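Given next are the chains, with one letter for each unit.
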Amino acid sequence: MSSKSFWKPPKAIRGGIPVCFPQFGNLGLLEQHGFARNRFWSLDEDASPLPQANNQSTVDLILKSTEEDIKAWPRGFELRLRISISPGKLTLIPRVRNVDNKAFSFMFALRNYLSVSDISEVRVEGLETLDYFDYLMNKERFTEQADAITFDGEIDRVYLSTPTKIAIIDHEKKRTFELRKDGMPDSVVWNPWDKKAKALPDMGVDGYKTMLCVDSAAIENPIVLKPFEEWRGRQELSTVSSSYCSGQLDPGRVLHGFH
């Protein structure tokens, strides 16, 4: 969470896990990242068909289309989000239901603001050899050549057809974020670096050094729902202690679990 985040609408909160719906970034006619992240949600009294949450602290939230939303995006929808907390793990289950009489499509992303000790000491594994759109190069398509993603400058990329498991390794804290996802095939990696951070009034001059966004997303191929169909995604974010082997992390252990 940025120490300089604005806490009043219509400004978005700079931190946490903003829900980007029904648009990602400026890929459409709506406000940046869509309107869902700037709305007040309600408690969802009926989370069926999801099972009852056992042994977890859980809240079910719902966002329904308002008259204001329909003016900007004329589609009837219900956006639900189950948030579950258990020791060392945060699980989010987003669902979108079409309650309109015609089909519609949408983009979706969970923008995960991760707290890191020093961005220059962080590496992301699981995205190597994949194609990505580079938003710093007019969304041109490239293929990742590095064994792991490390950071020495601004980055803003959408990785395509990504695996269900990604590791964000913080060497200094000897801690690894493990990101597991389903139904969201793309992954966004973003850090504004120093020049861009200075231009963001809600970031703070050095805020970029201790944050990294690695998002679960559906961007390249928007999700299409027919009337009364429902889409469901899932994201699990957990932390594990990193283990060193000859001064290097063993990617196999990071990606396939610690025993």
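- In the nomenclature of an unreviewed UniProt entry, the chain is known as Glucose-6-phosphate 1-epimerase of Citrus sinensis.

## Thoughts on the nonpolar core
- Ranked by internal contacts, the top residues of the largest apolar core, which has 29 residues, are Val 124, Leu 127, Phe 151, Ile 168 and Leu 212.
- Those elements that place two or more of their residues in this core are β7 (113-115), β8 (122-125), β12 (155-159), β13 (165-170), β14 (175-182), β15 (186-191), α2 (193-199) and β16 (211-225).
- Top contributing element to this core by residue count: β16, with four residues.
- Not counting residues up to four positions away in its chain, the partners in contact with Val 124 are Ala 148, Ile 149, Phe 151, Ile 166, Ala 167, Ile 168, Leu 212 and Val 214.
- Within the second largest apolar cluster, 21 residues are counted, among which are Phe 35, Ala 36, Trp 73 and Val 96.

## Notes on the pairing of strand β10 (residues 140-143)
- Here strand β9 (residues 131-134) pairs with β10 via four bridges, running antiparallel. Its bridge partner lying in β10, Asp 131 is registered against Thr 143.
- In this structure, the hairpin formed by β9 and β10 is closed by a connection of five residues, where Asn 138 is found at a positive phi of approximately 55°.

## Details of the environment of Lys 11
- Within the secondary structure, Lys 11 sits in the segment before β1 (19-20).
- Among residues more than four places away in sequence, those in contact with Lys 11 are Phe 6 and Asn 38.

## Comments concerning the pattern of salt bridges
- Summed over the entire model, instances satisfying the criterion amount to 20 salt bridges.
- A salt bridge links Glu 78 to Arg 80, with the shortest nitrogen-to-oxygen separation between them at 2.8 Å. For the pair formed by Glu 78 and Arg 80, the shared burial category is buried.
- By sharing partners, the salt bridges in this structure join Arg 39, Glu 68 and Asp 69 into a single network.

## A few points about the side chain of Glu 144
- Mapped onto the fold, Glu 144 is located in the loop between β10 and β11 (149-150).
- Classification of Glu 144 by relative accessible area gives buried; the value is 9%.
- Side chain to side chain, Glu 144 and Arg 157 meet in a polar contact 3.0 Å long.
- Sequence-distant contacts of Glu 144, defined by excluding residues within four places in its chain, comprise Leu 127, Glu 128, Thr 129, Leu 130, Tyr 132, Ile 149, Arg 157 and Tyr 159.

## Structural notes on the packing of aromatic side chains
- Following the criterion strictly, the structure yields 16 aromatic pairs and no others.
- Both rings, one in Phe 108 and one in Trp 231, keep their centres 5.0 Å apart while their planes meet at 55°; by these two values the pair is tilted. Residue Phe 108 is located in strand β6 (residues 104-110), and its partner Trp 231 is located in strand β17 (residues 230-232); the two are separated by 123 residues in the primary sequence. Of the two residues, Phe 108 and Trp 231, neither departs from the other in class, the shared state being buried.
- By the ring-pair criterion, three or more aromatic residues cluster together here, those being Phe 21, Phe 35, Trp 73, Phe 77, Phe 104, Phe 106, Phe 108 and Trp 231.

## Some details on unusual backbone geometry
- A cis amide bond links Phe 21 to the next residue, Pro 22, at an omega of 0°.
- Along the chain, the position of Pro 22 falls in the loop between β1 and β2 (42-43).
- Backbone geometry places Lys 139, a non-glycine residue, at a positive phi of 60°.
- In this fold, Lys 139 is placed in the loop between β9 and β10.
- Overall, the relative accessible area of 37% leaves Lys 139 in the partly exposed class.

## Regarding the state of the cysteines
- Summed over the entire model, instances satisfying the criterion amount to zero disulfides.
- This cysteine, Cys 20, is not joined by any disulfide, and Cys 213 carries the nearest cysteine sulfur, 9.0 Å off.
- Judged by its relative accessible area of 1%, Cys 20 is buried.

## Focus: the environment of Pro 18
- Turning to its location among the elements, Pro 18 is positioned in the segment before β1.
- According to the relative accessible area criterion, Pro 18 is buried, its value standing at 11%.
- In this structure, the C-alpha to C-alpha distance between Pro 18 and Phe 6, residues 12 residues apart in sequence, is 13 Å.
- Non-local contacts of Pro 18, meaning those with residues more than four positions away in its chain, are made with Ile 13, Arg 37, Ala 109, Leu 110, Arg 111 and Tyr 113.

Criteria and thresholds
Residue numbering note: each chain is counted from 1, following its sequence as written. Totals for whole chains, interfaces and linings use all residues, but because this is a predicted model, local features are given only for residues with pLDDT of at least 70 and pairs of side-chain atoms are given and counted only at 80 or more. Water and hydrogen atoms play no part in the side-chain values, which are based on all heavy atoms of the structure. Residues belong to a common nonpolar core when they are buried Ala, Val, Leu, Ile, Met, Phe, Trp, Tyr or Cys residues joined through side-chain atoms within 4.5 Å. A 1.4 Å probe rolled over the protein chains alone gives each residue an accessible area, and that area as a share of the maximum for its type sets the label: buried under 20%, exposed over 50%, partly exposed in between. Helix numbering and strand numbering both begin at the N terminus, where a helix is a DSSP run of H or I of at least 4 residues and a strand a DSSP run of E of at least 2. The contact rule is simple, with two residues in contact once any of their heavy atoms fall within 4.5 Å. A pair of strands is considered paired only if DSSP assigns at least 2 bridges between the two. In the sections that follow, a salt bridge refers to a side-chain nitrogen of Lys or Arg positioned within 4 Å of a carboxyl oxygen of Asp or Glu. Side-chain atoms alone can form a polar contact between residues adjacent in sequence; in general such a contact is a pair of N or O atoms within 3.5 Å, and within protein one must be able to donate a hydrogen while the other accepts it. Centre distance within 6.5 Å is the pairing criterion for rings of Phe, Tyr and Trp, where only the six-membered ring of Trp is used; planes under 30 degrees apart are then read as stacked, over 60 as edge-to-face, and the remainder as tilted. Two cysteine sulfur atoms make up a disulfide if the distance between them is within 2.5 Å.

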